[in-house]
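Here is what each chain is made of, one letter per residue.
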Amino acid sequence: MNKETTYVPPIKIQGKKTQLVNFILENLPKEFETWVEPFMGSGVVGFNVKPKKAIFADSNPHIVNFYNAIKNKEINHLIVKKFLQEQGKILAEKGQDYYNQIRERFNKDHQPLDFLFLNRSCFNGMIRFNRKLEFNVPYGHKPERFAQAYVTKITNQVKQVAFLIENNEWNFICQDFKETIQLAKENDLIYCDPPYIGRHVDYYDSWDEQNEFDLENTLQNCGAKFMLSTWHSNQYRKNTYLESLWKNYEIATTSHFYHLGGKEENRNAVTEALILNYKTVPKQEFVKPPVYQQLILKI
Ligand SMILES: C[S@@+](CC[C@H](N)C(=O)[O-])C[C@H]1O[C@@H](n2cnc3c(N)ncnc32)[C@H](O)[C@@H]1O
């Protein structure tokens, strides 16, 4: 795969691994049967791996409904285009009131097009649900959000993923990670990207130490190959679970920089880890940022 053409899916989510896709691709085993992704989020990782067979799962039903709606042809890029053009026009006129109206409608009817609309016009493209299972992210305050270029971009994202779904055997399931991992067979590859411990995000997306232990235990007993994304370290802290719970596995790392402000000294290096239960070709120590890291540096 060409390193510069990472496919970006239509749904945005905090913690998405768009910038790490190439690193993950570099660490894939040579062969596997079915791609099993228990924490699919936006789906960006599996969608770029493009496996013939895949199980994509998540505890958030709205993500799964959205992709099932594409798979069932309930929505396609033309429907998305028309919807966003029409709704975007009203948003441009009415602003926040209209956003709130769609949010209310979504919390009643749970329609995938409303989910997309909210996800692409809310504050920071976040997904957050309260205990009453209501989407509660405020308006992003960009009334011109659905300008033509943005609608075209989203429309193309939907078109591409619809093509991939149609031409492969992919299933989308809403369930807990343990059930998904149990579906994996010996020749399958599981890719896990659980939420980070202690960073409670929302009702569907919380994670504590017990979850991390359960995950390790379920993976250890599943018999399939697995890879798991987590953080390794930043300038202040390191992930101590790598030296305890995950110490018996292979660990690959990559570093990139988050830019806080324009000054050179405000670049913060973060090291990301991939935990593997199989060996890959040893990777050279980080010397020169690969293409995707250079892209981050320029932002
Ligand atoms: C860090 S995000 C995954 C991001 C994804 N890899 C991407 O690049 O877009 C974690 C995901 O795990 C899901 N999740 C949280 N707890 C879960 C659980 N117990 N079982 C299944 N999915 C869960 C969340 O809804 C969220 O979508």
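Residues numbered from 1 in each chain as written. Predicted model: local features only at pLDDT ≥ 70, side-chain atom pairs only at ≥ 80, totals over all residues. Heavy atoms only, no water.

The next thing to look at is the confidence of the model for the protein. Averaged over all residues, the pLDDT of the protein equals 90, while 89% of them reach at least 70. Here residues 284-299 scores under 50 on pLDDT; set against residues more than four positions off or in separate chains, the count is 22 contacts. (pLDDT = per-residue confidence, 0-100. Contact = heavy atoms within 4.5 Å.)

By size, the foremost hydrophobic cluster in this structure holds 61 residues, and its most contacted members are Y67 and F117. At 7 residues, helix 7 (residues 148-166) tops the list of elements feeding residues into this core. Setting aside chain neighbours within four positions, we find Y67 in contact with P9, P10, I11, M40, S42, F47, V161, I165 and F172. (Core = buried A, V, L, I, M, F, W, Y, C linked by side-chain atoms within 4.5 Å. Buried < 20%, exposed > 50% of the residue type's maximum accessible area, 1.4 Å probe, protein only. Helix = DSSP H or I, 4+ residues; strand = E, 2+ residues; numbered from the N terminus.)

We now examine the pairing of strand 1 (residues 34-37). Side chains of strand 1 alternate between two faces, with T34 and V36 and W35 and E37 buried alike. Pairing analysis gives 4 bridges linking strand 1 to strand 2 (residues 53-58), with the strands arranged parallel. Counted as the bridge partner of T34 is K53 from strand 2. With helix 2 (residues 44-49) bridging strand 1 and its parallel neighbour strand 2, the resulting β-α-β unit is right-handed. (Pairing = 2+ DSSP bridges. Right-handed = clockwise from strand over helix to strand, strands pointing away.)

Moving on, we get to the packing of aromatic side chains. On inspection of all chains with the given rule, the structure shows 24 aromatic pairs. Aromatic side chains F106 and F129 sit 6.4 Å apart centroid to centroid with 55° between the ring planes, which places their arrangement in the tilted category. Here F129 lies in the loop between helix 6 (112-121) and helix 7 and F106 lies in helix 5 (residues 96-109), a separation of 23 residues in the sequence. You'll find F106 and F129 in the same group, each marked buried. (Phe/Tyr/Trp six-rings, centres within 6.5 Å; stacked < 30°, edge-to-face > 60°.)

A word on unusual backbone geometry. The phi dihedral of K50 falls on the positive side, at around 55°, and the residue is not glycine. As for its placement among the helices and strands, K50 is situated in the loop between helix 2 and strand 2. Residue K50 is classed as partly exposed on the basis of its relative accessible area, which comes to 41%.

Glancing now at the packing of helix 3 (residues 61-71) against helix 6. Each packed pair of helices is defined by two parameters, the angle between the axes and the distance between the axes. Helix 6 packs onto helix 3 with a crossing angle of 120° between their chain directions and a minimal axis gap of 9 Å. Judged on the interaxial angle alone, helix 6 and helix 3 are oblique. At the point where helix 3 passes helix 6, the crossing takes the left-handed sense. Where helix 3 approaches helix 6, its residues H62, I63, F66 and A69 are matched on the opposing element by P112, F115 and L116. Here the residues of the contact of helix 3 with helix 6 sort into 6 nonpolar, 1 polar and no charged. (Axes fitted to C-alpha atoms, helices over the stretch in contact; angles between N-to-C directions. Parallel < 35°, antiparallel > 145°, perpendicular 65-115°, else oblique. Left-handed = near helix turned anticlockwise from the far one by under 90°. Nonpolar A, V, L, I, M, F, W, Y, C, P; charged D, E, K, R; others polar.)

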